[in-house]
Amino acid sequence: MSSPPKTFHGWVAHDATSPLTYTTFTPKPFTETDIEVKVSHCGICGTDIHTLRSGWGPTDYPCVVGHEIIGTVIRIGSAVPALSSSPASRSIKLGDRVGIGAQSNSCLRADCAQCADGQENYCPRITGTYNSRYPDKQRSKAYGGFAEFWRGPAHFAFRIPDSLPSAAAAPLLCGGVTVFAPLRKYGAGPGKAVGIVGIGGLGHMGILFAKALGCERVVAISRSSSKRGDAVEGLGADAFIATDEEANWARTHARSLDLIICTVDAPDMPLGRYLRLLKVDGTFVQVGAPEKPLPPLMAWSLIQKGVKVTGSNIGSPDDIREMLRLAAEKKVLPWVQERPMHDINAALADMDANKARYRYVLSNEMGTQSKL
């Protein structure tokens, strides 16, 4: 297989308001621990929208977003076989189909408590797959997967099980593990009742994984009942709460859930009432990241039942491997709408308008690139 050119082609953002343009960019220098991937698919994540418009802070333009990447390995650094003791890069070889998520590097130092404990996603020296910088001398910029090729550390690339189609596997690399990791960490499984707030890109995968983990009861929570059919009949939720339509919903369903995963990023969400749904010692995990502060919280919401309010950041390499294993075994397939990569600007606009049901995946295999 031939290697890509020294510069890559991709869809580049130059500011917060202009459409992405198909042009060249220069990836990080190739090192002995890197791989290069010919990108076949890349999912659109809410993080892409926030980053493109500098919603969480100034973006480091020019920027290529996209961190739900699926593609074929076309180049492997000379030291990658020496990484075989690291499960994240085990058995990667030329021609393998791999995925890359929201993280492309961490320090991996033995004296880093997070990396040594398998929690690379909480490393203080984390490098995101885009809008971030590698710790090399050049402070090379990290570029994402809305492109023809991706280059980066092999440690954060994962073999995709044969039973998972590429378009369905792409959203798992960020959205999927973002909900799977807290479900796994906080004991979702037989005998547990779990609530998923927000039935969208993240939330629909939260329902699928909660069911795959064998939870006794999975409750979908949304503002309106418009997605009740999808949640219950399509995704397998056991119950549905429409918070804008059901009177006294917080009282009616009080103390019924062991765990809540909140995927919404609305700053006006009824946080205090969500906590009423938790049992004693229950846990509320925020994974949606609004651009504005979360709503205020009364102390009694925590004190009266000893509930815990926490957050979760993507997932570790071990979380990703375990998620992919479970998805392959239980046939966890996100609901995706595949679109050609050259339709990227329209797809982003539709994503921002909440038209996706429930995840757009861009494909380099659907027609040729537009070079306008």
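Just above sits the structure.
Residues numbered from 1 in each chain as written. Predicted model: local features only at pLDDT ≥ 70, side-chain atom pairs only at ≥ 80, totals over all residues. Heavy atoms only, no water.

*Asks:* Explain helix α4 (residues 175–185) here, please?
*Replies:* What sets the pattern is the α-helix's 3.6 residues per turn: residues three or four places apart point alike. The buried fraction of α4 is high, at 9 of 11 residues. Against β12 (193–197), α5 (201–212), β15 (257–262), β16 (278–286), α10 (317–330) and β19 (359–363) lie the buried residues of α4. (Buried < 20%, exposed > 50% of the residue type's maximum accessible area, 1.4 Å probe, protein only. Helix = DSSP H or I, 4+ residues; strand = E, 2+ residues; numbered from the N terminus. Contact = heavy atoms within 4.5 Å.)

*Asks:* Is there a simple way to explain the state of the cysteines in this structure?
*Replies:* A covalent bond bridging the sulfur atoms of two cysteines is what the word disulfide describes. The tally for this structure, following the rule as stated, stands at 0 disulfides. Between C215, a free cysteine, and C262, which holds the nearest cysteine sulfur, the sulfur-to-sulfur gap is 17 Å. (Disulfide = S-S within 2.5 Å.)

*Asks:* Looking at this structure, I do not really get the pattern of salt bridges. What am I missing?
*Replies:* Two side chains bearing opposite charge may form a pair once their charged atoms approach each other closely. Here the structure, examined in full by the defined rule, presents 22 salt bridges. Across the pair R184 and D319 runs a salt bridge, and its minimum N-O distance is 2.8 Å. You can see R184 sitting in helix α4 and its partner D319 sitting in helix α10, a full 135 residues away along the chain. Salt bridges sharing partners connect three or more residues here, namely R184, D318, D319 and R321. (Salt bridge = Lys/Arg side-chain N within 4 Å of Asp/Glu carboxyl O.)

*Asks:* Sorry if this is basic, but what is going on with the packing of aromatic side chains here?
*Replies:* One pair of aromatic rings is described through two measures. These are the centre distance and the angle between the planes. All told, the structure shown has 8 aromatic pairs when counted by the stated rule. Seen in terms of ring centroids, F25 and Y143 are 4.6 Å apart; in terms of plane orientation they differ by 40°. Their pairing is tilted. With a gap of 118 residues between them, F25 in strand β2 (residues 21–25) and Y143 in the loop between β9 (141–142) and β10 (149–153) connect regions that are remote in the sequence. Overall, the relative accessible area of 7% leaves F25 in the buried class. Given the relative accessible area of 14%, Y143 is considered buried. An aromatic cluster is built from F8, F25, Y143 and F149, whose rings are joined through pairwise contacts. In this structure, K28 is placed above the aromatic ring of Y134, and the distance from its NZ or CZ to the ring centre is 5.1 Å. (Phe/Tyr/Trp six-rings, centres within 6.5 Å; stacked < 30°, edge-to-face > 60°. Lys NZ or Arg CZ within 6 Å of the ring centre and 35° of its normal.)

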